[in-house]
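# Notes for the structure review
Residue-level listing of the chains:
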Amino acid sequence: MALYSEKVMDHFRNPRNVGVIENADGVGKVGNAKCGDIMEIYLKIDNDIITDAKFETFGCGSAIASSSMATEMIKGKPVSEAAQLTNKAVTEALDGLPPQKIHCSVLAEEAIKKALDDYYQKNGESK
Amino acid sequence: MNIYADNAATTKMSKAAIEAMLPYMDEIYGNPSSLHSVGQRANEALADARMRIATLLNCEPREITFTSGGSEADNQALISAAKLGERVGKKHIISTAFEHHAVLHTLDKLGKMGFEITLLDVPENGLITPEEVEAAIRPDTCLVSVMYANNEIGTVQPITEIGAVCRAHGVLFHTDAVQAAGHLHIDIKAQNIDMLSLSAHKFHGPKGIGVLYSKKGILLSNVIEGGAQERGKRAGTENLPAIMGMAAALEEACHSIDEHAAHLIPLRNKLIDGLAQIPHSILNGDKDKRLPSNVHFCFEGIEGESLLLLLDDKGICASSGSACTSGSLDPSHVLLAIGRPHEIAHGSLRLSLSEDVTEEEVDYMIQAVTDVVTYLRNMSPVWRELTSGKSEFIIK
Ligand SMILES: Cc1ncc(COP(=O)(O)O)c(C=O)c1O
Ligand SMILES: [Zn+2]
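Residues numbered from 1 in each chain as written. Chains lettered and ligands numbered in written order. Predicted model: local features only at pLDDT ≥ 70, side-chain atom pairs only at ≥ 80, totals over all residues. Heavy atoms only, no water.

## Remarks on the packing of aromatic side chains
Filter applied, for reference: For this analysis, a ring pair means two rings from Phe, Tyr or Trp (six-membered ring only for Trp) whose centres lie within 6.5 Å, classed as stacked if their planes differ by under 30 degrees, edge-to-face if by over 60, and tilted for the remaining angles. Throughout, exposure labels follow a simple rule: accessible area from a 1.4 Å probe, protein chains only, divided by the maximum for the residue type, with under 20% read as buried, over 50% as exposed, and the rest as partly exposed. What counts as a helix is a DSSP run of H or I of at least four residues, what counts as a strand is a run of E of at least two, and both are numbered from the N terminus.
Applying the stated rule across the entire model yields 3 aromatic pairs over all chains. Ring geometry for Tyr-119 of chain A and Tyr-120 of chain A: centres 5.7 Å apart, planes at 50°, overall tilted. You'll find Tyr-119 of chain A and Tyr-120 of chain A in the same group, each marked buried. With a centroid separation of 5.5 Å and an interplanar angle of 65°, the aromatic rings of Trp-383 of chain B and Phe-393 of chain B are classed as edge-to-face. Taken together, the positions of Trp-383 of chain B in helix 15 (residues 381-387) and Phe-393 of chain B in the segment after helix 15 put the pair 10 residues apart, joining distant regions of the chain.

As structure tokens, then:
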């Protein structure tokens, strides 16, 4: 059996939403190079709707695929809904991840939460 | 193009090894311990294999113990030497920080049993010196274990000189020659070796079979208890097909060491020079004192597992010491031992070439690695910070 599902490999080989959004409404960066995975997520938000999401990731196949899938899952969604995204949902959407790779998908959830916090802060709102 | 460049992990079996094994599956399938003729034919083959391997290593057949591989040989060597030391009140063992886990984890166990373990620091070039070993030897040192060639960065240790230092101080010397056997010359007597481990699957022999050489007079302690096989020192019906395959593979490999090195070294150097052209990359281990087949780099700003997966898509099988390939959060202990920071160690790549690698394949690997590193850097937030000056490059 291969390490990753077809879905993971598809998102790893052809990651969606790679890049940077200039003047993003929310930016979240998590992880550190010491532990081996770093993710930075950029959000464009209009009227509390996420109109665009992009990411940059330094990390393994699971980290890259999770960033790709997570950004796909929140695009077009209201921020309130995006804030509910869990790593479990990301993992399920990827048809599962090997147990030792779950921690990489947690980063995607955390990066999105951090980007939303940044957005709330910039807009002077508290959650 | 399909290139298997992970020969340090394991090798393809040679035709000679496979053919040498076949008769021992359905013709001479007896148990070497049986008294009847079928068993005795097997026993003769066993003796023959032992003698041929002893000849290749320049030792006596009775000094060869067949084990299930390199790990078991390492375990038994260390445990035996420790027990011998303990009997005379010597409970200090010297080894290095970049040994294989078969050695390091056995030393951990011995540490818990009250032995004192000194792990020598490894310099950036990946070469232990005899002086460093000598300085660590104490009156209560019973064993020095230093690998012949490192399995990740491929550096070749001055084991002859280290062995001489140990002899002079009356300390047993073990070397893990798993990566060296069949690729570098081994002469037990000339190299002052008391104990040595090797494993057949690293030189085109079968998996699950290896050798522990231990010099006459060194009493081995059993790791596997049971029947009286291997002079009572390693129980279990001998894996004769594997032993015959190992003997054939070792003969073939040992007879071609110089020829293979002459072919490999220029290609290895071409690959090293080609990959060194990638900005902010660094070769791990001394450029010359390394296995003819080993190329090992770190690339700043990327992570090793994604590098491996994309190289696999391009038909290249390689390996990495990144944390996410191992399932632990720490990258390779070998890279940390030679002083590479975590950030850099995650972006490592080992290409271990096979003897029939071609120049065309080397050119292809240089191009493929360059392309994949560039691609991954372009989606790496670490790389963007480095290139925008927000953080400083570690590899200049
Ligand atoms: C240096 C070294 N020692 C020991 C071993 C273990 O050998 P085996 O796989 O035969 O148990 C290996 C193989 O990975 C190795 O490279
Ligand atoms: Zn990861």
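## Section: empty space enclosed by the protein
All names here are of chain B. Defined as follows: Lining residues are those with an atom within 4 Å of a point, where the points come from a 1 Å grid over the protein atoms alone and group into cavities, where a 1.4 Å probe fits but cannot get out, or pockets, open sets with protein on both sides within 12 Å along at least five of seven lines. Grid points are joined across faces, edges and corners, and a volume is the space filled by probe spheres set on the points. Charged means Asp, Glu, Lys or Arg here, nonpolar means Ala, Val, Leu, Ile, Met, Phe, Trp, Tyr, Cys or Pro, and polar covers whatever is left, Gly included. The split of the chain into domains comes from an automatic or database domain assignment.
As enumerated under the stated definition, the model contains 3 cavities of 30 Å³ or more in all. The volume enclosed by the largest cavity comes to roughly 130 Å³. In terms of lining, the largest cavity is formed by 16 residues, of which the most central are Asn-7, Ala-8, Gln-179, His-183 and Ser-293. Looking at the lining of the largest cavity residue by residue, the class counts come to 3 nonpolar, 11 polar and 2 charged. Formed jointly, the lining of the largest cavity draws a minimum of three residues from each of two domains, domain 1 (15-254) and domain 2 (257-388). Size it by volume and the second largest cavity reaches roughly 70 Å³. Together, Gly-182, His-183, Ile-257, His-260, Ala-261, Leu-264, Pro-292, Ser-293, Leu-353 and Glu-355 line the second largest cavity. In the lining of the second largest cavity, the residues fall into 5 nonpolar, 4 polar and 1 charged.

## Quick word on the domain arrangement of chain B
Many analyses report the size of an interface as the accessible area lost when the parts associate. Residue and element names in this part refer to chain B. Applied cut-off: Here, residues are in contact when the closest pair of their heavy atoms is within 4.5 Å. For any pair of parts, buried area is found by adding up, for both, the accessible area (1.4 Å probe) each one loses once the two are put together.
By domain assignment, chain B separates into domain 1 (15-254) and domain 2 (257-388). Each of domain 1 and domain 2 has a C-alpha centre, and the two are 29 Å apart. On the side of domain 2, 21 residues touch domain 1, which itself brings 27 residues to the contact. For the pair domain 1 and domain 2, the two sides together bury roughly 2,000 Å², of which 56% comes from carbon and sulfur. It is Glu-124, Glu-152 and Ile-153 in domain 1 that bury the most area against domain 2; as a group they hold 33% of the surface buried on that side.

## Here we look at helix 7 (residues 159-169) of chain B
Every α-helix winds through 3.6 residues per turn, so residues three or four apart in the chain are directed the same way. Residue and element names in this part refer to chain B. Test applied: Of all possible arcs, the one meant is that of the directions from the helix axis to the C-beta atoms.
For helix 7, the full list of buried residues reads Ile-159, Ile-162, Gly-163, Val-165 and Cys-166. The buried residues of helix 7 all sit within an arc of 160° when viewed along its axis, so they share a single face. Buried residues in helix 7 make contact with helix 6 (130-136), strand 5 (141-145) and strand 6 (172-176). Positive phi appears at Gly-170, one or two residues downstream of helix 7, with a value of about 65°.

## Some points on the site of ligand 1
Residues and elements named next belong to chain B. The condition that has to hold: The near set for a molecule or strand comprises every residue that places at least one heavy atom within 4 Å of it. In the analysis that follows, any N or O atom pair within 3.5 Å is treated as a polar contact, provided that within protein one partner can donate a hydrogen and the other can accept it, and provided that, for residues neighboring in sequence, both atoms belong to side chains. Areas reported here follow the Shrake-Rupley algorithm with a probe of radius 1.4 Å; residue values treat only the protein chains shown as occluding. Each molecule is checked against the cavity or pocket grid, and it sits inside if more than half of its atoms lie within 2 Å of the grid points.
Around ligand 1, the structure places 13 residues, and the nearest of them are Ser-71, Asp-176, Gln-179, Ser-199 and Lys-202. Separating an oxygen atom of ligand 1 from a side-chain N or O atom of Ser-71 is a distance of 2.7 Å. Between ligand 1 and Ser-199 there is a distance of 2.5 Å, counted from an oxygen atom to a side-chain nitrogen or oxygen. About the coverage of ligand 1: the protein hides 84% of its 390 Å² of free accessible area. Of all the cavities here, the one that holds ligand 1 is the second largest pocket. Grouping the amino acids of the shell around ligand 1 by side-chain chemistry returns 2 nonpolar, 8 polar and 3 charged.

## Describing the layout of surface pockets
Residue and element names in this part refer to chain B. Put simply, the largest pocket is a space of about 460 Å³. Tallied by class, residues from the lining of the largest pocket come to 9 nonpolar, 9 polar and 5 charged. Shared between two domains, the lining of the largest pocket holds at least three residues of each, these being domain 1 (15-254) and domain 2 (257-388). Of the voids in this model, the second largest pocket is the one considered here, and its volume is about 380 Å³. Taken together, 25 residues make up the lining of the second largest pocket; nearest its centre are Ala-8, His-100, Asn-151, Gln-179 and Lys-202. Broken down by element, the residue count for the lining of the second largest pocket peaks at 3 residues, all from helix 4 (residues 70-87). In terms of residue class, the lining of the second largest pocket is made up of 5 nonpolar, 14 polar and 6 charged.

## Notes on the interface of chain B and chain A
As a reminder of what qualifies: Put simply, a salt bridge is a Lys or Arg side-chain nitrogen that is within 4 Å of an Asp or Glu carboxyl oxygen.
On the side of chain A, 28 residues touch chain B, which itself brings 25 residues to the contact. Both sides together, the interface formed by chain B and chain A hides about 2,100 Å², and carbon and sulfur atoms give 63% of it. Across the contact surface, chain B and chain A share 5 salt bridges. Ionic pairing is found between Glu-385 of chain B and Lys-29 of chain A, a salt bridge with its closest N-O pair at 2.8 Å. Viewed at the interface, chain A and chain B are joined by 12 residue pairs in polar contact (both at pLDDT 80 or more). Taken together, the elements giving at least two residues each to the side of chain B that touches chain A come down to helix 10 (304-313), helix 11 (323-326), helix 13 (342-345), helix 14 (359-378) and helix 15 of chain B. A per-element tally of the side of chain B that touches chain A places helix 10 of chain B first, with 5 residues.

## Let's talk about the sheet that holds strand 2 (residues 64-67) of chain B
Residues and elements named next belong to chain B. Rule in force here: Here, strands pair whenever DSSP counts at least two bridges between them. Inter-axis angles, ranging from 0 to 180 degrees, are taken between N-to-C directions of lines fitted to C-alpha atoms, where helices are fitted over the stretch in contact.
The mixed open sheet is built from 7 strands, whose spatial order is 2-8-7-6-5-3-4. With partners counted over all chains shown, the strands left at the sheet margins are strand 2 and strand 4 (116-120), one partner each. Along the sheet, successive strands turn relative to each other by an average axial angle of 20°, direction set aside. Where strand 2 meets strand 8 (residues 210-214), 4 bridges bridge the pair, whose relative direction is antiparallel. Within strand 8, the position partnered with Thr-67 by the bridge is Gly-210.

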